[in-house]
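# Structural characterization, general
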Amino acid sequence: ELPDMNRVKNPMGVELPDMNFLNPDELVHGHIILNDSKAASRDVALKKGCVRGNACRDIYWEPSEVRAAIVTCGGLCPGLNSIIREVTNCLW
């Protein structure tokens, strides 16, 4: 269970009341690749699971006080510029 300190209601919950928010303790459980050819080289710390990425109903910062940066090296993957543009438009 995450502490209650600094919890703020996510403003997306107001604008998108039917949005499916994640529970803050949701995990992608363990290694999910069957017959994994690289199992021996995977980090054992990930075996218990990874935090699932998506929006939660409660957040831990005041959105009006947050600044975000996206840093890339260029040439990483096709379509990355489109994603950065949409994230920027969404956050702006």
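What you see is a predicted model, and the numbers here were worked out from it, not measured in a lab. (Residues numbered from 1 in each chain as written. Predicted model: local features only at pLDDT ≥ 70, side-chain atom pairs only at ≥ 80, totals over all residues. Heavy atoms only, no water.)

## Re the overall build of the protein
- For the protein, the count of helices and strands is two helices and four strands.
- For the protein, the α and β elements follow one another from N to C terminus as β-α-β-β-β-α.
- When burial is assessed residue by residue, the protein has 10% of its 92 residues classed as buried.
- Looking at the protein alone, contacts between residues at least 24 apart form 62% of all its contacts between residues at least 6 apart.
- On the protein, roughly 8,300 Å² of surface is accessible, and the fraction owed to carbon and sulfur atoms is 57%. (Helix = DSSP H or I, 4+ residues; strand = E, 2+ residues; numbered from the N terminus. Buried < 20%, exposed > 50% of the residue type's maximum accessible area, 1.4 Å probe, protein only. Contact = heavy atoms within 4.5 Å. Areas by Shrake-Rupley, 256 points an atom, 1.4 Å probe, with all protein chains shown as cover.)

## Re the pattern of salt bridges
- A complete count under the given rule lists three salt bridges for this structure.
- Linking lysine 9 and aspartate 58 is a salt bridge whose minimum nitrogen-to-oxygen distance equals 2.9 Å. With lysine 9 in strand β1 (residues 8-9) and aspartate 58 in strand β4 (residues 58-59), this pair connects stretches of sequence that are 49 residues apart.
- A salt bridge links glutamate 86 to arginine 85; its shortest N-O distance comes to 3.4 Å.
- Residue classification places glutamate 86 among the partly exposed residues on the basis of a relative accessible area of 45%.
- Judged by its relative accessible area of 46%, arginine 85 falls in the partly exposed class.
- Ionic contacts of the salt-bridge type, sharing partners, join the residues Arg7, Lys9 and Asp58 into one network. (Salt bridge = Lys/Arg side-chain N within 4 Å of Asp/Glu carboxyl O.)

## Brief notes about a nonpolar patch on the surface
- A grouping of Val28, Ile32 and Ile33 is seen on the molecular surface, where their side chains present a nonpolar patch of about 270 Å² in accessible area.
- Owing to a relative accessible area of 47%, isoleucine 33 belongs among the partly exposed residues under this scheme. (Patch = residues over 30% accessible without salt bridge, like charges linked within 9 Å, V, L, I, M, F, W, Y side chains within 5 Å.)

## Observations regarding the side chain of aspartate 36
- As for its position among the elements, aspartate 36 is in the loop between β2 (27-28) and β3 (50-51).
- In this structure the side chain of aspartate 36 is engaged in a polar contact, spanning 2.9 Å, whose partner is the backbone nitrogen of lysine 38. (Polar contact = N/O pair within 3.5 Å; in protein donor to acceptor, adjacent residues only side chain to side chain.)

## A look at the environment of aspartate 58
- Counting along the chain gives 51 residues from aspartate 58 to arginine 7, while the straight-line C-alpha distance between them is 5.9 Å.
- Excluding residues that lie within four positions of it along the chain, aspartate 58 makes contacts with Arg7, Val8 and Lys9.
- For aspartate 58, the side chain forms a polar contact with the side chain of arginine 7, separated by 3.4 Å.
- Here lysine 9 takes part through its side chain, which lies 2.9 Å from a polar atom of the side chain of aspartate 58.

## Describing the environment of proline 11
- For proline 11, the position within the fold is in the loop between β1 and α1 (12-15).
- Assessed through its relative accessible area of 39%, proline 11 is described here as partly exposed.
- Sequence separation of proline 11 and proline 63 is 52 residues, and the distance between their C-alpha atoms is 8.1 Å.

Honestly, that's just the spatial picture; any functional story needs more than this.
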